[in-house]
Amino acid sequence: MKVFSFFLKWTFTVLLSVSLCLSEESSASSNIVNPCCYYPCQNHGVCVRYGLDRYECDCTRTGYYGENCTTPEFWSRVYHLLRPSPNAIHYFLTHFQWLWDILNGTPFRDWLMRKVLTIRANLIPSPPTYNSKYDYLNWEAYSNITYYTRILPPVPQDCPKPMGTKGKMELPDPQILAERFMLRRNFRPDPQGTNLMFAFFAQHFTHQFFKTHNRVGLGFTKGLGHGVDAGHIYGDTLDRQLDLRLHKDGKLKYQVINGEIFPPKVADVPVKMSYPPSVPLDQQLAIGQEVYGLLPGLSMYATLWLREHNRVCDILKKEHPTWGDEQLFQTARLIIIGETIHIVIEDYVQHLSGYLLKLKFDPTLLFTSQFQYQNRIAVEFNQLYHWHPLMPDSFHIAGEEFQYPQFLFNTSILTHFGVEKLVEAFSTQPAGQIGGGNNINKMVLKVAEGVIVESRELRLQPFNEYRKRFNLRPYTSFSELTGDKKVAKELEELYGDIDAVEFYPGLLLEKTRPGAIFGESMVEMGAPFSLKGLLGNPICSPDYWKPSTFGGQTGFDIVNTASLQKLVCLNTKWCPYVSFRIPPSDFEKLRRSHGEL
């Protein structure tokens, strides 16, 4: 009995000692910070953790070497000595009108356009790298296209602070951020003269590939095409496409109101649309993208593309009387995709950039370069493109003013006024400046707040880390970021460290370039995503880019001569003023009010 009692005491003592040792070891381990939380690897180097407290930076093909990929190789040193700053390049491209009048008529235009395309597109990894589940390269992250991809991996889950190792233990309340720094006090028009025609085009165009699958998760997308596939016109599933098609002559279904063609009623084409119950069934329009009944500006563009598709089908049928419905439809869709890309580059991006270089949509410029014709939509691109400051405080159409409650889900505005009057109204009403903060109408402020919440759930890295990823110098102070001492002080009180500022707030609160719609980061980060997505489209590849793909030279010419003005004026009874910029006389007044003249 005594032996047994001694054995029990001995066993208890041993177990207690082991427990204490494990506890001490666990306590020591909990104090060790994952070294990758410091973002030690520079110049696109990849941080790989070993054990608890050791890491290595993989500097392969970065042009740098050393412990943290900070020592430049010879050609990297030469490149950085000769490379002008992004702001210097932007200044050159937006000034010296007399010089660009000469250069745009020379081969220099093609050379420079090729450089713009390749340098920008090469900043986007292809094949894709990370997603919201995996912060390391693997087959699932590459092959599972139900995820958005990511440019930078998520902030490691075991970091001591939300943004890594810097800043405060808790991030600022999203509502406080939105109301203090993003809520509009007074409408500030974009000094570039951007109008609502541009604002609605931006929303209409991008929502064919920004389709977060909220029921699955924030990192997931329903847009399996991951690019310009015209799914917002034809639907993102085959079933939806078949429901929207007329199944005759390649055309889409439509209805006629007062002699004008509009999208059909949901009552006649029962596809799922996102209308509130208050909208009568006979006023619900059936459109490829289920949320496009939200705003008359989106329904207007849907109507224009519906008319353009059917117009193209008539042209193709006349040239190819032996073609059946399927070939007419599929070829018309390729033409519509080509027209879209042409308009986006030569009208939309041209206006947005402010460049005096005349941009050119010519896929052959890349045929001698290494270029991969594939694209994946990144969550950072989705976040970046929340341009809600564009929206005005109210909408003016043909002498009438509409507040948001009257405007939202009101398809009768489109059918009552007609496409022509809406185009003219939206082309003459200024949109808001995106950058600089405090310019989001209260009706859409919740969306901005939701973007911040989403970025935290997806653990996006700090704004400065993205600056470095896109070859921009990280900001060293809040004043340098905002250009406003008062705003800088308030932001510092909330974040504690400039290296803890989040991605989306950083983009919207960054000081704007002089006379520009937003700041340096939005351009330098957004342009690579955009150009890679546009030129990475299959129709831009050598095997596709030829007349036969588009039904012959006539279809190829439609693609190569597309413009915003043609899209409108070939599909309306009369040609209104149509542009992505307010009329020249109004633009001059706007510039005077900003002290540019």
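All figures in this text were calculated on a predicted structure; none of them were measured in a lab.

S.K.: So what exactly am I meant to see when it comes to the overall build of the protein here?
M.R.: The helix and strand tally for the protein stands at 24 helices and 10 strands. At 27 Å, the protein has a C-alpha radius of gyration in line with the 25 Å of a compact globule built from 597 residues. Along the longest, intermediate and shortest principal axes, the C-alpha atoms of the protein span 105 × 65 × 50 Å. Out of the 597 residues belonging to the protein, those deemed buried represent 53%. Pairs at least 24 residues apart make up 70% of the contacts formed inside the protein by residues separated by at least 6 positions. Per element, the accessible surface of the protein, about 27500 Å² overall, is 56% carbon and sulfur. Distance between charge centres in the protein, computed from 60 positive and 60 negative side chains, equals 1 Å.

S.K.: Looking at this structure, I do not really get the nonpolar core. What am I missing?
M.R.: A general trend in soluble globular proteins is that nonpolar side chains are found buried together. Residues Met-197, Tyr-348 and Trp-387 are the most contacted members of the largest nonpolar core, which totals 151 residues. Per-element tally for this core: the top contributor is helix H12 (residues 325-353), with 13 residues. If we ignore the near neighbours within four places in the chain, the residues touching Met-197 are Met-300, Tyr-301, Val-423, Phe-426, Ser-427, Leu-564, Val-568, Val-578, Ser-579 and Phe-580.

S.K.: Just checking my understanding: could you explain the confidence of the model for the protein for this structure?
M.R.: In low-pLDDT regions, the fine details of the predicted coordinates are not to be read closely. Per-residue confidence for the protein averages 92 on the pLDDT scale, and 94% of its residues sit at or above 70. Note on residues 1-29: pLDDT is under 50 here. Beyond four places in sequence and across chains, it has one contact.

S.K.: Explanation requested: a nonpolar patch on the surface in the structure shown.
M.R.: On the surface, Tyr-91, Phe-92, Phe-96, Trp-98 and Ile-102 cluster together into a nonpolar patch covering about 550 Å² of accessible area. Elements represented by at least two residues in the nonpolar patch include exactly helix H3 (86-94) and helix H4 (97-103). Tracing the backbone shows Phe-92 in helix H3.

S.K.: Please clarify how the packing of aromatic side chains should be interpreted in this entry.
M.R.: A ring pair, where both rings are aromatic, is described by two values, the distance of the centres and the angle of the planes. If you walk through the whole model with that rule in mind, you get 43 aromatic pairs. With centroids separated by 5.4 Å and ring planes inclined at 45°, the aromatic side chains of Phe-201 and Tyr-348 adopt a geometry described as tilted. Linking Phe-201 in helix H8 (residues 196-206) with Tyr-348 in helix H12, this pair joins segments that are 147 residues apart in sequence. Each member of the pair, Phe-201 as well as Tyr-348, carries the same accessibility label: buried. The ring of Tyr-475 has Arg-467 lying over it, and the distance from NZ or CZ to the ring centre is 4.2 Å. Between Arg-581 and the ring centre of Phe-587, over which it is positioned, the NZ or CZ distance is 4.5 Å.

S.K.: Would you mind showing me how to read the state of the cysteines here?
M.R.: Note on terminology: disulfide describes a covalent bond linking the sulfur atoms of two cysteines. Applying the stated criterion to the full structure yields five disulfides. Between Cys-36 and Cys-47 runs a disulfide, and the two sulfur atoms are separated by 2.0 Å. Handedness here is read from the sign of the S-S torsion; for Cys-36 and Cys-47, about -85°, the answer is left-handed. Taken together, the residues Cys-36 in the loop between helix H1 (2-30) and strand E1 (46-50) and Cys-47 in strand E1 connect sequence positions 11 residues apart.

S.K.: Looking at this structure, how should I read the packing of helix H5 (residues 108-121) against helix H21 (residues 520-535)?
M.R.: Each packed pair of helices is defined by two parameters, the angle between the axes and the distance between the axes. Where H5 contacts H21, the axes come no closer than 8 Å and their chain directions differ by 105°. By the angle between their axes, H5 is roughly perpendicular relative to H21. Residue-level inspection shows Val-116, Leu-117, Arg-120 and Ala-121 of H5 in contact with H21, the latter providing Val-523, Glu-524, Ala-527, Pro-528, Leu-531, Lys-532 and Leu-535. Each residue belonging to the contact of H5 with H21 can be placed in one class, and the counts come to eight nonpolar, no polar and three charged.

S.K.: So what exactly am I meant to see when it comes to unusual backbone geometry here?
M.R.: Working note: non-glycine residues mostly have negative phi, and peptide bonds are mostly trans. A cis amide bond links Ser-126 with the next residue in sequence, Pro-127, at an omega value of 5°. For Pro-127, the position within the fold is in the loop between H5 and strand E5 (130-131). At Cys-69, a position not held by glycine, the phi torsion is positive, near 60°. Note that Cys-69 resides in the loop between strand E3 (64-65) and strand E4 (71-72). By relative accessible area, which is 0% here, Cys-69 ends up buried. If you check the backbone angles, Phe-409 has positive phi at about 60° while not being a glycine. With respect to the helices and strands, the residue Phe-409 is situated in the loop between helix H14 (404-407) and helix H15 (412-428).

S.K.: How should I be thinking about the pattern of salt bridges in this particular structure?
M.R.: Side chains that carry opposite charge are capable of pairing whenever their charged atoms lie near each other. Following the criterion strictly, the structure yields 24 salt bridges and no others. Between Lys-360 and Asp-110 there is a salt bridge, with the nearest N and O atoms lying 3.0 Å from each other. Pair noted here: Lys-360 is in the loop between H12 and helix H13 (379-384) and Asp-110 is in helix H5, with a separation of 250 residues, a long-range link. Where Arg-245 meets Glu-326, a salt bridge forms, and the shortest distance between an N and an O atom there is 2.8 Å. Of the two residues, Arg-245 sits in the loop between helix H10 (238-244) and strand E7 (255-257) while Glu-326 sits in helix H12, which places them 81 residues apart along the sequence. Given the relative accessible area of 1%, Arg-245 is considered buried. Where salt bridges share partners, they join Asp-110, Lys-360 and Asp-362 into one cluster.

S.K.: What should I look at first to understand the pairing of strand E2 (residues 54-58) in this one?
M.R.: Residues in a regular strand project their side chains so that they alternate between the two faces of the sheet. Taken together, the five bridges between E1 and E2 define a ladder with antiparallel strand orientation. Paired with Arg-49 across the two strands is Tyr-55, which belongs to E2.

S.K.: Just to check I follow, could you spell out H12 for this structure?
M.R.: Quick reminder: α-helices carry 3.6 residues per turn. Residues three or four places apart thus point the same way. Its 29 residues give H12 an end-to-end C-alpha distance of 40 Å, which sits within 8% of 42 Å, the value for a rise of 1.5 Å per residue. At Val-344, H12 shows its maximal bend, which comes to roughly 35°. The buried fraction of H12 is high, at 23 of 29 residues. Of the residues trailing H12, Gly-354 is marked for its positive phi of about 75°.

Procedures and definitions
- Residues numbered from 1 in each chain as written.
- Predicted model: local features only at pLDDT ≥ 70, side-chain atom pairs only at ≥ 80, totals over all residues.
- Heavy atoms only, no water.
- Helix = DSSP H or I, 4+ residues; strand = E, 2+ residues; numbered from the N terminus.
- Rg over C-alpha atoms; globule rule 2.2 N^0.38 Å.
- Buried < 20%, exposed > 50% of the residue type's maximum accessible area, 1.4 Å probe, protein only.
- Contact = heavy atoms within 4.5 Å.
- Areas by Shrake-Rupley, 256 points an atom, 1.4 Å probe, with all protein chains shown as cover.
- Lys, Arg positive; Asp, Glu negative; His and termini not counted.
- Charge placed at Lys NZ, Arg CZ, Asp CG, Glu CD.
- Core = buried A, V, L, I, M, F, W, Y, C linked by side-chain atoms within 4.5 Å.
- pLDDT = per-residue confidence, 0-100.
- Patch = residues over 30% accessible without salt bridge, like charges linked within 9 Å, V, L, I, M, F, W, Y side chains within 5 Å.
- Salt bridge = Lys/Arg side-chain N within 4 Å of Asp/Glu carboxyl O.
- Phe/Tyr/Trp six-rings, centres within 6.5 Å; stacked < 30°, edge-to-face > 60°.
- Lys NZ or Arg CZ within 6 Å of the ring centre and 35° of its normal.
- Disulfide = S-S within 2.5 Å.
- Axes fitted to C-alpha atoms, helices over the stretch in contact; angles between N-to-C directions.
- Parallel < 35°, antiparallel > 145°, perpendicular 65-115°, else oblique.
- Nonpolar A, V, L, I, M, F, W, Y, C, P; charged D, E, K, R; others polar.
- Pairing = 2+ DSSP bridges.
- Expected span 1.5 Å × (residues − 1).
- Bend = angle between axes of the 7 residues up to and from the residue.

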